Structures are given as structure tokens and as C-alpha cells.
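# Survey of secondary and tertiary structure
Here is how the chains run, residue by residue.
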Amino acid sequence: MKPISIATRQIGDSHPCFLIAEVSQSHDGSLGMAHAFIDAAAEAGADAVKFQTHIAAAESTLDEPFRIKFSRQDESRYAYWKRMEFSEEQWAGVAEHAKAKSLIFLSSPFSIAAVELLKRVGMPAWKVGSGEVQSKELLDAMLDAGGPILLSTGMSRWDEIDRAVTYLRGRNADFALFQCTSKYPTPLQEVGINLIEELRRRYDCLVGLSDHSATPFPALAAIARGCHIVELHVTFDRRLFGPDVPASVTFEELALIKKARDSFAVMDQSPVDKDAMADQLAAMRRTFGKSIAPARALPAGTELTRDMLTLKKPATGIPGTELDNLIGKRLRSDVMPDRLLTWKDLIS
């Protein structure tokens, strides 16, 4: 399967899972909080930090339903998007801060104007939100800008994904498909971990998980199954305000996922030869293995029967595999149950 490049990172079968810390709107319109999220994402070990770039006038109207009345300060969804806006200069500062922290800066655009802004700021890959899969003009703008397409499928039917993949391949685009369930938070039984492999099999492409479960478990399961990219919403604390917070993992949980990712990679890249390992553990095998010992005190001249013999540690005497061969042999000397039998104790 052909790998793709996002900035300096190669993503594919032979590379560690690419971890994206998704801030989304959890900065709540505060530029300072946006920068704080970058510091925390870097400290937790993420590979990339992702935002969403909303330009209210370019993507929404006052007719957009609020969906959930979560805000005490926004009269409409439009007003909320307006409050989430940063200027191009501010976005450039966010991108520069991410770079300084060795993070790849990503942001999902939701309008042509947002694509143009992010293109000027610098965007190494384009994350297509689940609600934008059928927004052809937006997809075209991202494709024209260049860079891999990371396509979430959280609201899509198979036939819609089929058409999107056909279109991307027709444009010779590098892309990855993300299993995603657009529920916030997503119950574990609806994460659809099985669909990651189905996407891989059906489209022969790189696959990702965009998770909204607010737990680390789907990410761990996806990484263990060889998922190429995992994106998780992040928060400092799930008691904070914001529509994305209930679907987020904490930075402590993200750090745990990163450690697990690295550990999985070490194990995957270090195949063990079973026989060679057993040979390496020869001393341990002698210590914890067993040899043949008398089950009770036996005098010289005794003809051995099965009930007179047992197996005890360590494995430095006559191997247990010889037990049947000792039946009927006679003892040369007295033996005690606190010592192993030796070949010298037996009459040849």
C-alpha cells in the first residue's frame, strides 16, 4: 500500500500510527487557549495538532439551526462560528507555534475562503470533515491546493464513499479514509472499529480513525489493528465548556495512547524467534524446570517403580522425559527426597 507524506512524516504500513490532536472549537474563540492547546499536544506526544477554520459569512447563515443550545453567550449558530474566527495573521501565528513545538499544523476548512486562507498560511494535508464529503467545490479547492486528502466518513453511506474515492483517484490524489461516527460522544458500541478493516479491504487505501468516544480505548484498538492515522478530540478537562469537550480525551489519556503506540511499534518491529529465545533463556530454564527426584527415602538396591519417583526443581538433574526409562532400574546407593536423582545413583 502506497504511503503518503504529510510535511516531514511518512504514513503507511511500515510507519508508526500518526496521532492527530484535534482541538476543533475547544479553544472557545480564545487565541491564548489555542496556543495553550499546542503546548499541551506537544507535551503529550502528538504528531500533529488540528483545528477547524470557520469563516461565518463564507460557510453559514442565520438559518443554520443551533442543533444543541449549549452556549449562554451566542444567540445563533452563526454567532458561535463568528466567535470562533481567527484572522489570517493569528492563524499564521498558530501554525508557527506548532512548528516550533515540532508539531504538524492542520486545520479543516469549511468554505472556499477558509481553503484560500489556509493555503496562504501553509497546509501540508487537508482534513475533510464528515459533513463535507459531498461538497464537491470545497473538495476541488483542497485538491487544487495540493497535498494529501484525509477524508472522514462519519455521515456517509457506502455508495457516497464509493463516489468520493472514485473522484479522488480520478484526480490522482493521495488520500486516507477515516472511520468516524458523527455522534458526540460516540458510544463504544457505535465506534465501528470493524469498519476500519472494511475500508482498507474495500478501497485498498490508508485508513484512519477519527474518534469521538471520549475514551482512549477505540484509539488503542485501532492502533493495535494497524490503523495508519488516529485523530482524537482533546481537552484539558472534560468539565470545561464547549460542544467538543464531551467527545474529547484528556491530554493525560493522549499521552497514554502515544506510549501505547510506541510500544506497539517496538513489538511489531521486533519479531522473536521462539527457539532462539528458549536458548537465550537456558539458565532460566534450568532454574525453573524440573528433574527426577525420589518421592521418599529409598535404600540402595531398591527397584524403582513409578510411585517412587516425582519431578522437582531445578532442571539440572535427570530430565523428566527420562522418567519412564528409569522404571525397573536399581539404586546403587541410598537416596533422599530432598536431593535430585543422578545417573550415578543408578546401577547401569
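This report concerns the structure included in the present document. Per chain, the residues get numbers from 1 upward, laid out in the order the sequence is written. Selection of residues for local features in this predicted model requires a pLDDT of at least 70, selection of side-chain atom pairs for listing and counting requires 80 or more, and totals for whole chains, interfaces and linings are taken over all residues. The basis for every side-chain value is the complete set of heavy atoms in the structure, and neither hydrogens nor water enter the calculation.

## Quick notes on the overall build of the chain
Helix and strand assignments follow DSSP, with helices taken as H or I runs no shorter than four residues and strands as E runs no shorter than two, numbered in order from the N terminus. The helix and strand inventory of the chain stands at 13 helices and 13 strands. As a reference, a globule follows 2.2 Å times the number of residues to the power 0.38, and the radius of gyration itself is taken over C-alpha atoms. At 31 Å, the chain has a C-alpha radius of gyration far larger than the 20 Å of a compact globule built from 348 residues. By the burial criterion, 47% of the 348 residues in the chain qualify as buried. Surface accessibility in these figures is a Shrake-Rupley result with a 1.4 Å probe; residues are shielded only by whichever protein chains are displayed. Carbon and sulfur atoms make up 52% of the accessible area of the chain, which totals about 17300 Å². Positive charges are assigned to Lys and Arg, negative charges to Asp and Glu, while His and the chain termini are left out of the count. The atoms used to mark charge sites are NZ of Lys, CZ of Arg, CG of Asp and CD of Glu. Positive and negative charge centroids in the chain, built from 42 and 46 side chains respectively, lie 7 Å apart. Under the scheme applied here, a residue whose accessible area is under 20% of the maximum for its type counts as buried, over 50% as exposed, and between as partly exposed, the area being computed with a 1.4 Å probe on protein chains only.

## Digging into the side chain of serine 107
Take serine 107: it is sitting in strand β5 (residues 104-109). Accessibility expressed as a relative area gives 1% for serine 107, which makes it buried. A polar atom in the side chain of serine 107 sits 3.3 Å from the backbone oxygen of phenylalanine 51. Engagement of the side chain of serine 107 in a polar contact is seen with the backbone nitrogen of glutamine 52, the distance being 3.5 Å. Each residue touching serine 107, except ones within four places of it in the same chain, is listed here: Lys50, Phe51, Gln52, Thr53, Trp91, Leu118 and Met123. Contacts described as polar in this section are N or O atom pairs within 3.5 Å, which, within protein, must combine one atom able to donate a hydrogen with one able to accept it, while residues neighboring in sequence count only if both atoms come from side chains. Residues count as neighbours in contact if any of their non-hydrogen atoms are within 4.5 Å of one another.

## Structural notes on helix α8 (residues 194-203)
All of the buried residues along α8 are Ile196, Leu199, Arg200 and Tyr203. Here the buried residues of α8 occupy an arc of 100° about the axis, which is enough to place them on one side. Of the residues in α8, the exposed ones pointing more than 90 degrees away from the buried face are Asn194 and Arg201. Buried residues along α8 sit in contact with α7 (158-170), β8 (175-180), β9 (206-211) and α9 (217-224). Directly beyond the C-terminal end of α8, a positive phi value near 50° is found at aspartate 204. By definition, the arc is the one covered by directions from the helix axis to the C-beta atoms.

## Observations regarding the pattern of salt bridges
For salt bridges, the criterion is a side-chain nitrogen of Lys or Arg within 4 Å of an Asp or Glu carboxyl oxygen. Applying the stated rule across the entire model yields 26 salt bridges. Across the pair aspartate 174 and lysine 2 runs a salt bridge whose closest N-O atoms are separated by 3.2 Å. Taken together, the residues span a long stretch of sequence, with aspartate 174 in the loop between α7 and β8 and lysine 2 in the segment before β1 (4-6) at a distance of 172 residues. A relative accessible area of 30% means that aspartate 174 is categorised as partly exposed.

## So, the nonpolar core
Residues Phe51, Phe105, Ile149, Leu150, Leu177 and Val230 are the most contacted members of the largest nonpolar core, which totals 73 residues. Here this core gets 6 residues from one element, more than from any other, and that element is helix α1 (residues 31-44). Among residues more than four places away in sequence, those in contact with isoleucine 149 are Trp126, Val128, Leu139, Met142, Leu143, Leu168, Asp174, Phe175 and Ala176. Nine residue types can take part in a nonpolar core, namely buried Ala, Val, Leu, Ile, Met, Phe, Trp, Tyr and Cys, and a core is a set of them joined through side-chain atoms within 4.5 Å. Formed by 12 residues, the second largest nonpolar core is a distinct cluster that contains Ile292, Met308, Ile318 and Leu323.

## As for the layout of surface pockets
Here the term cavity refers to a set of points on a 1 Å grid, laid over the protein atoms alone, in which a 1.4 Å probe fits but cannot get out; the term pocket refers to an open set having protein on both sides within 12 Å along at least five of seven lines, with lining residues being those that place an atom within 4 Å of a point. Grid points are joined across faces, edges and corners, and a volume is the space filled by probe spheres set on the points. The space that makes up the largest pocket amounts to roughly 890 Å³. Contributing to the lining of the largest pocket are 35 residues, with Gln52, Arg67, Arg77, Tyr184 and Asp244 lying nearest its centre. Residues of the lining of the largest pocket, tallied by class, amount to 10 nonpolar, 15 polar and 10 charged. Three classes are used: nonpolar for Ala, Val, Leu, Ile, Met, Phe, Trp, Tyr, Cys and Pro, charged for Asp, Glu, Lys and Arg, and polar for all others, with Gly counted as polar.

Remember that the coordinates give geometry; whether it matters functionally is a separate question.
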